[in-house]
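# Chain and residue survey
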Amino acid sequence: MLPRAERLKERRDFGATYRRGKRRDHPLLTLYLRFTEPNMPRRIGLSVSKKVGKAHERSRIKRRLREACRALPTVGGFDAVLVARPGADMADFQTLHRALAQLFGSVNVLLEETAQ
C-alpha cells in the first residue's frame, strides 16, 4: 500500500497531470507524469477502466501496480497517473514491474542504483 502522502486522489490533480504532463506508452501501461517542486513527495494515481476487465481483475491490477510503485525507488517531486491498458489483466507481477521500471526510467525519475 502506498502511504497516504504518495497517493494522487483529487480529480483536479488527475486532470492537471493529464493536461500538463509528459506521456509515455508501453503495451501494458500509459504513464502521465508532471513534475512538481523537488522537495515534494511523489504522488501516484491509478486508472483502470472497464475495458481492461471485470471488477476483480481491475482490483488485482491496482494491487499489483501499487506494490510495484512501492518497490521502485524514485526521486520525489512529481505527480504520476498510471493508466492500465487492455492486456494488463493477463500480465503477472514481474511483467508489470518491468513495464513500470521502463516507463519511470524513460522520464528519469528512477534513483541511480535501479536505473539500467
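Notes on the structure follow. (Residues numbered from 1 in each chain as written. Predicted model: local features only at pLDDT ≥ 70, side-chain atom pairs only at ≥ 80, totals over all residues. Heavy atoms only, no water.)

## Observations regarding the overall build of the protein
Of regular secondary structure, the protein possesses 3 helices and 4 strands. A compact globule built from 116 residues would reach a C-alpha radius of gyration of about 13 Å, and the protein, at 13 Å, matches this within 12%. Across its three principal directions, the C-alpha atoms of the protein cover 40 × 35 × 25 Å. Looking at the protein as a whole, 41% of its 116 residues are labelled buried. Looking at the protein alone, contacts between residues at least 24 apart form 81% of all its contacts between residues at least 6 apart. Per element, the accessible surface of the protein, about 6900 Å² overall, is 49% carbon and sulfur. Side-chain charges in the protein split into 25 positive and 12 negative, and the spacing between the mean points of these groups amounts to 7 Å. (Helix = DSSP H or I, 4+ residues; strand = E, 2+ residues; numbered from the N terminus. Rg over C-alpha atoms; globule rule 2.2 N^0.38 Å. Buried < 20%, exposed > 50% of the residue type's maximum accessible area, 1.4 Å probe, protein only. Contact = heavy atoms within 4.5 Å. Areas by Shrake-Rupley, 256 points an atom, 1.4 Å probe, with all protein chains shown as cover. Lys, Arg positive; Asp, Glu negative; His and termini not counted. Charge placed at Lys NZ, Arg CZ, Asp CG, Glu CD.)

## So, the sheet that holds strand β3 (residues 43–47)
As summarised here, the arrangement of the 4 strands in space is β1-β2-β4-β3, forming an open sheet in which the pairing is mixed. A strand with exactly one partner marks an edge of an open sheet, and here the two such strands are β1 (22–25) and β3. Strand-to-strand, the axes of this sheet are offset by a mean angle of 20°, without reference to chain direction. When β1 meets strand β2 (residues 29–35), the two strands line up antiparallel, connected through 4 bridges. Bridge assignment links R23 to a residue of β2, and that residue is Y32. (Pairing = 2+ DSSP bridges. Axes fitted to C-alpha atoms, helices over the stretch in contact; angles between N-to-C directions.)

## Some thoughts on the nonpolar core
In this structure, L29, L31, L33, L100 and F104 are the most contacted members of the largest nonpolar core, which totals 27 residues. Elements represented by at least two residues in this core include exactly β2, α2 (55–71), β4 (78–84) and α3 (93–106). Per-element accounting of this core gives the leading share, 5 residues, to α3. Listed in part, the 5 residues of the second largest apolar core include L8, F14, Y32 and V83. (Core = buried A, V, L, I, M, F, W, Y, C linked by side-chain atoms within 4.5 Å.)

## Examining the packing of aromatic side chains
The full count for this structure, using the stated rule, is 2 aromatic pairs. Between the aromatic rings of Y18 and Y32, the centroid separation amounts to 4.8 Å while the plane-to-plane angle is 85°, which identifies the pairing as edge-to-face. Taken together, the residues Y18 in helix α1 (residues 11–20) and Y32 in strand β2 connect sequence positions 14 residues apart. Given the relative accessible area of 34%, Y18 is considered partly exposed. Residue classification places Y32 among the buried residues on the basis of a relative accessible area of 14%. (Phe/Tyr/Trp six-rings, centres within 6.5 Å; stacked < 30°, edge-to-face > 60°.)

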